[in-house]
Amino acid sequence: MKLKKNIAISETGFVFDPTTGDSYTLNSVGMEILSLLKEGLSREAISTKILEKYDVEKGVLERYLYDFLGQLKQYQLIEEDDEN
Amino acid sequence: MMKTKITVAVSGLNNVDSPGPGIPVIRGIRESKFFESRIVGLVYENLEPGAYMHDHVDKSYKVPYPSEGRGILMERIRDIHAKESIHVLIPNFDSELYVFIKAASELKRLGIHTFLPTLQQFEERHKSNLPEFGEKYHVKVPKSRAITHIKELKELGEDYEYPMVIKGKFYDASIAYSFEQAQIYFNKIAFKWGLPIIVQEYIRGTEVNVVALGDGRGNTIGAVPMKKQYITDKGKAWSGITLDDPKMLELTHHIIGQTQWRGGMELELIRTDNKELYLIEINPRLPAWVYLAVGAGQNLPEALIKLALGYPVEPFTTYSVGILFIRYSYDMICSLEDFKSLTIRGEL
């Protein structure tokens, strides 16, 4: 799973897809996840990082992470070909 | 650098809620580092806002509608030319292009330069000729057919399913979800713009557009892709953003290369969920949102003038991505004297 190369992410949580012209806003956790994705981390590695940092149950995080990554896919912010 | 002084005549000054491209074209010309231009506005109506925008338009003249005949229009242009010594004329309405393309040689003899598509280019990109255009130049287009009678809606057969798009020959398009709706739109658009009416397959996806300029020898001088972000009830962009889409640019280069397109153009495209691009329309002139291209680094109106006057023009290779335009309306306070002058004397 990989973030599309040309996606622009600002520190304030503003995300711009220059291919579609669509823009999105993220909260701080969403930003962290997107940044980790940009670094090329797998879903498992992202989950581990977030669990280390935040007081959250693994099951709850997994559910939210699944939904969030699903949304990114729906908005075509994730390269489908590279998904594993 | 000393700027070259020229006089440019521009039409399409109806800067209303469905604006003509005149004022945005003029804004590009005004920002030219190469030309210092006197702008002569050509207006058809007494209340075209551009005529009253004295920062943009130095002098305006009323001209007869092209439908009144080429001879009458040219007579008026000759009168204006005698007073103003026009170097370049940029017509901005689809409905006047045919007349000015036909008159291009005559205009040139008078010393008035244009940079318009050839008659063949103009004709073959007509909405009613889109299927043939797609086949000839290997471009994906929706199925479409020109009809002249409402009963033909019933005879379309299985090739056309609802929803379908009902379009006027110059302007207007509505999506019809049933035969009854299609009939209503047929009558409405035919009443306003005449026949034929174009029936077009509805392609699901996102509308995206490109403004471009061809040099008439197959080279793309500039091209900027855009997505409308806010659309008015008339289907006009009220806001748009420049895109980074190599496929849209590739298609633009292909079309300009294949057709040897001469002049400004707007490509209206649909990008499907499978990322395929369908050409739904070519407007044979710069669009009203052309100033976005200027803002993104491609002054296409200036480049068009250079081409018209025979200056060498290097193609633009970059533009800024993620630049937005947001349109706004603005109430000008105008004097009765101005209105009277345009109404009675036909000039302002």
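Here's what I pulled together on the structure shown here. What you see is a predicted model, and the numbers here were worked out from it, not measured in a lab.

With that out of the way, let us pick up the packing of aromatic side chains. All names here are of chain B. This structure, assessed with the given rule, holds 9 aromatic pairs over all chains. Measuring from ring centre to ring centre gives 5.0 Å for tyrosine 44 and tyrosine 65, while their planes differ by 20 degrees; the resulting arrangement is stacked. Residue tyrosine 44 is located in the loop between strand E2 (35-43) and strand E3 (59-62), and its partner tyrosine 65 is located in the loop between E3 and helix H2 (70-84); the two are separated by 21 residues in the primary sequence. Taking the relative accessible area as the measure of exposure, tyrosine 44 reaches 6% and is therefore buried. Judged by centre distance (6.5 Å) and plane angle (40 degrees), the ring pair of tyrosine 98 and phenylalanine 122 falls under tilted. Remark: phenylalanine 122 occurs in helix H5 (residues 119-124) and tyrosine 98 occurs in helix H3 (residues 94-102); sequence separation between them is 24 residues. Assessed through its relative accessible area of 38%, tyrosine 98 is described here as partly exposed. In this structure phenylalanine 122 comes out as buried when scored by relative accessible area, which is 2%. Aromatic ring contacts, followed pair by pair, group Phe34, Phe35 and Tyr311 into a single cluster. Across from the ring centre of phenylalanine 122, 4.7 Å away, lies the NZ or CZ of arginine 125, which sits over that ring.

The next thing to look at is the interface of chain B and chain A. Taken together, the contact between chain B and chain A spans 12 residues of the former and 8 residues of the latter. Around 700 Å² of area is buried between chain B and chain A when both sides are counted, 43% of it from carbon and sulfur atoms. For the pair chain B and chain A, the number of links is 1 salt bridge. Residues lysine 227 of chain B and aspartate 22 of chain A are paired through a salt bridge, measuring 2.4 Å at the closest nitrogen-oxygen approach. Taken together, the connections running from chain B to chain A amount to 5 residue pairs in polar contact (both at pLDDT 80 or more). For the side of chain B that touches chain A, the elements supplying multiple residues, two or more each, are strand E10 (220-231) and strand E11 (237-242) of chain B. Classifying every residue of the side of chain B that touches chain A gives 3 nonpolar, 3 polar and 6 charged.

Turning to H2 of chain B, a few remarks are in order. Residue and element names in this part refer to chain B. An ideal rise of 1.5 Å per residue puts 21 Å on 15 residues; H2 measures up with 20 Å between its terminal C-alpha atoms. Its buried side turned inward, H2 meets strand E1 (4-10), E2, E3, strand E4 (88-90), H3 and helix H4 (104-110). A positive backbone phi angle near 45 degrees is found at serine 85, which sits one or two residues after H2.

Conventions adopted
- Residues numbered from 1 in each chain as written.
- Chains lettered and ligands numbered in written order.
- Predicted model: local features only at pLDDT ≥ 70, side-chain atom pairs only at ≥ 80, totals over all residues.
- Heavy atoms only, no water.
- Phe/Tyr/Trp six-rings, centres within 6.5 Å; stacked < 30°, edge-to-face > 60°.
- Helix = DSSP H or I, 4+ residues; strand = E, 2+ residues; numbered from the N terminus.
- Buried < 20%, exposed > 50% of the residue type's maximum accessible area, 1.4 Å probe, protein only.
- Lys NZ or Arg CZ within 6 Å of the ring centre and 35° of its normal.
- Contact = heavy atoms within 4.5 Å.
- Buried area = accessible area lost by both parts, 1.4 Å probe.
- Salt bridge = Lys/Arg side-chain N within 4 Å of Asp/Glu carboxyl O.
- Polar contact = N/O pair within 3.5 Å; in protein donor to acceptor, adjacent residues only side chain to side chain.
- Nonpolar A, V, L, I, M, F, W, Y, C, P; charged D, E, K, R; others polar.
- Expected span 1.5 Å × (residues − 1).

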